[in-house]
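Per-entry structural report
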Amino acid sequence: MRHARAVVASFSMLLAVALAAPIAPAEAQTRFVFANESPYDTMDPHAAFDVGRVAVRLNLYDGLYRWLDNPAVLQPWLAESHTVSADGLTYTFKLRRGAKFHDGTDVTAEDVRYSADRILALKKGAAALLSTMLAPGSTKAVDRSTVQFTLTKPTAIFLAVMPEIHVVNSVLLKKHEKDGDWGAAWLTGNDAGSGSYMLARYDPALGFQAKRFAGHFMPWGPKSIDEIEFRHVKEDNTRVLGMIKGDYQGTGGYLPIDQVKRLREAANVKMVEQESMRIMMFQINNQRAPLTDVNVRRAISYAFDYDGFNKEILSGSVERNPVPIPNNLWGVPRDVKGYSYDLEKAKQELAKAKVKVDRPITVGYLTGFSQTEQAATVMANGLRKIGIDTKIVSELWPAMVDRMKKPETSPDLVVYWISTYYADPHNWIGEMFHSGQWGTFKASSFYKNPRVDDLLDTALTSTDRKVRDKAYQDAARIVVEEAAGVWIYNTKYFGPWAKNLEGIRFSPIGNGQEMRWVYYAK
């Protein structure tokens, strides 16, 4: 009993001392909210390969390499070095030591191998691109920190697309695998990454929240943001008003020009302007009559008012881009002027067509992206003037992506952007117009020309820049001549951010949405 009283007395004294001691103020947590145009329907980094959901991949996951800055530079990330065999088929990567997943386990070569095979097995996201160079089971974990990729053929862009192999925690996913699904059902709403931020909350109707991962292999700077939220906000006006009121600290950098002007005048917002590579275009469904007729497609190309849209509606904030490669990149045929707004030529092309336009043409745009609605309206007006009826339809981005996978479900025309996923012409013309790429949103023109396929194969397999440049130019000339799509402009990035944010690192790959660099100045 005496001992018990002594313990109580000691505890009382400690409590008294503790209560008497000054209480250190808790450090305030910093928070950032980004208003995104499109919803986050999945958290699986291998299920999507687009800019609309890029924040998931950049902030929660790592790859062996990463594109940074503008002009984009490929930097070692989870890898510290790599070698390439003399025949260009075998790439061997050494992993940096000390990288951890969010559950504290090591990132190993086996996780990289598993991730590559998982992408190919799921046949989503970057699978259509990677399957042109990698076969299932061809990636080997040589030892715990060495992984080896053996390509099916020499591929000039393999290293450039390496950042799209986002490494997942293989042990964790195998625990949650169900009916051989590679953990896909579980990962749709959970986290198996090693990235700078850890998933804290996910609601497909709202978006996701994530907390800073202090154990990330890349040292943090003296300042950073503790919690990030990427929230789906459909309407342009709501996003802009939220920025002005301070509810959001960032939103997409491709707003209509009138909204950009509103944000420029807001005292608490700054605009980050950068040269970019992002083509706006209409994909024409080349497999559905009457769009199977090249003269009908040319008529459509002549019916769009390029200057009216670029110079008047967008106030000249973009640059006309008449070919399917950004005009600030190599591989562009500089002698190709493309199509202009010419209704007489459009009518002449219609008169030559063997397949007559005997039904309304469906023109699709993206809900939440008002610029696409404006472009669809301009196109419909032009087509009406040459006697073609239209039906304008819209979808949220994930729903439109699903529709664009098949020629049977894709609209006749659909307008959107082809952004930068890696800085090579193949990102645009190769993935859009090689028939082997059908099934992805980029290839939703469903164009097929064996000569173009051969040229794009030559460009993809050669390591000689001159050979590649000529092949892309020749392919672009054919695609434009056959009016496989309608190319409108190459854009500039006008990114609205809270004025007190610093450290923003814009790259055309990711549009500045990697948050580990960003912090509040005060």
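These numbers come from a predicted model, not from an experiment.

1. Description of the sheet that holds strand β6 (residues 139-143)
In spatial order, the strands read β4-β5-β7-β6; together these 4 strands make up an open sheet with antiparallel pairing. On the outer flanks of this sheet lie β4 (79-84) and β6, each paired with one strand and no other. Strand-to-strand, the axes of this sheet are offset by a mean angle of 20°, without reference to chain direction. Summarising the sheet, β6 and strand β7 (residues 146-150) pair through 4 bridges and their orientation is antiparallel. Across the sheet, Ala141 pairs through a bridge with Val147, a residue of β7.

2. Thoughts on the layout of surface pockets
Where empty space is left in the structure can be found by rolling a water-sized probe over the atoms. One number sums up the size of the largest pocket: a volume of about 610 Å³. At the level of secondary structure, the elements contributing two or more residues to the lining of the largest pocket comprise α3 (109-122), α4 (127-130), α7 (184-187) and α14 (397-403). For the lining of the largest pocket, the residue count by class is 17 nonpolar, 7 polar and 10 charged.

3. With respect to the pattern of salt bridges
Tallied over the full model, the rule gives 35 salt bridges. Put simply, Glu431 and Lys442 hold a salt bridge, and the shortest N to O gap is 3.1 Å. One end of the pair, Glu431, is in helix α15 (residues 429-433); the other, Lys442, is in the loop between α15 and α16 (450-461), and 11 residues separate them in sequence. Taken as a pair, Glu431 and Lys442 share a single burial class, namely buried. The structure contains a network of salt bridges with shared partners spanning Arg31, Lys211, Glu227, Glu229 and Arg231.

4. Some details on the packing of helix α8 (residues 236-245) against helix α9 (residues 257-264)
Running from N to C, α8 and α9 cross one another at 10°; their axes reach a closest spacing of 10 Å. On the basis of their axis angle, the class for α8 and α9 is roughly parallel. When α8 is examined against α9, the residues Asp236, Asn237, Val240, Leu241, Met243 and Ile244 are found in contact with a partner set consisting of Gln259, Arg262 and Leu263. Its residues assigned to classes, the contact of α8 with α9 comprises 5 nonpolar, 2 polar and 2 charged.

5. Considerations on the pairing of strand β1 (residues 31-36)
Residues in a regular strand point their side chains to alternate faces of the sheet. Burial analysis of β1 places 5 of its 6 residues in the buried class, which makes it a mostly covered element. Looking at chain direction, β1 and strand β10 (residues 227-232) are connected through 6 bridges and run parallel. Bridge pairing in β10 places Val33 opposite Glu229. With 2 bridges joining them, β1 and strand β11 (residues 250-251) adopt parallel strand pairing. Directly across from Phe34, in β11, lies its bridge partner Gly250.

6. Structural notes on helix α13 (residues 370-385)
With 16 residues, α13 extends 23 Å from end C-alpha to end C-alpha; this agrees with the ideal 22 Å at 1.5 Å per step. Those residues of α13 not exposed but buried are Gln371, Thr372, Ala375, Ala376, Val378, Met379, Ala380, Gly382 and Leu383. One or two residues past the end of α13 sits Gly387, with phi positive at roughly 90°.

7. Focus on empty space enclosed by the protein
Tallied over the entire structure, the rule returns 7 cavities of 30 Å³ or more. A volume near 270 Å³ is recorded for the largest cavity. Along the wall of the largest cavity there are 24 residues; nearest its centre are Val51, Gly52, Arg278, Phe369 and Ser419. At the level of elements, β1, β16 (413-418) and β17 (485-498) are the ones that each hand at least two residues to the lining of the largest cavity.

8. Observations regarding the nonpolar core
Grouped together as the largest cluster of nonpolar side chains are 117 residues, with contacts concentrated most on Leu64, Phe93, Phe149 and Phe282. The contacts of Phe282, once residues within four sequence positions are left out, are Phe304, Val363, Ala375, Ala376, Met379, Leu413, Val414, Val415, Gly485, Val486 and Ile488. By size, the runner-up hydrophobic cluster in this structure holds 34 residues, among which are Tyr114, Leu172, Phe230 and Trp497.

9. Things to note about the side chain of Asn321
Looking at where Asn321 falls in the secondary structure, it is placed in the loop between β13 (319-320) and α12 (343-352). Polar contacts involving the side chain of Asn321 include one to the main-chain carbonyl oxygen of Val323, which spans 2.8 Å. Once residues within four sequence positions are removed from consideration, Asn321 is found in contact with Ile279, Pro326, Asn327, Trp487, Ile488, Tyr489 and Asn490.

10. Considerations on unusual backbone geometry
For residues besides glycine, phi is generally negative; the peptide bonds are generally trans as well. A cis amide bond, omega 0°, links Asn70 with the succeeding residue Pro71. Pro290 follows Ala289 through a cis peptide bond whose omega is 5°. The residue Pro290 is located in the loop between β12 (269-284) and α10 (294-303) in this model. You will see that Asp69, though not glycine, has its phi angle at about 70°, which is positive. Look at Ser315: it is not a glycine, yet its phi comes out positive at around 55°. Mapped onto the secondary structure, Ser315 falls in the loop between α11 (306-313) and β13. For Ser315, a relative accessible area of 39% gives the class partly exposed.

Criteria and thresholds
- Residues numbered from 1 in each chain as written.
- Predicted model: local features only at pLDDT ≥ 70, side-chain atom pairs only at ≥ 80, totals over all residues.
- Heavy atoms only, no water.
- Pairing = 2+ DSSP bridges.
- Helix = DSSP H or I, 4+ residues; strand = E, 2+ residues; numbered from the N terminus.
- Axes fitted to C-alpha atoms, helices over the stretch in contact; angles between N-to-C directions.
- 1 Å grid on protein atoms, 1.4 Å probe; cavity = no way out; pocket = protein on both sides within 12 Å on 5 of 7 lines; lining within 4 Å.
- Points joined across faces, edges and corners; volume = space filled by probe spheres on them.
- Nonpolar A, V, L, I, M, F, W, Y, C, P; charged D, E, K, R; others polar.
- Salt bridge = Lys/Arg side-chain N within 4 Å of Asp/Glu carboxyl O.
- Buried < 20%, exposed > 50% of the residue type's maximum accessible area, 1.4 Å probe, protein only.
- Parallel < 35°, antiparallel > 145°, perpendicular 65-115°, else oblique.
- Contact = heavy atoms within 4.5 Å.
- Expected span 1.5 Å × (residues − 1).
- Core = buried A, V, L, I, M, F, W, Y, C linked by side-chain atoms within 4.5 Å.
- Polar contact = N/O pair within 3.5 Å; in protein donor to acceptor, adjacent residues only side chain to side chain.

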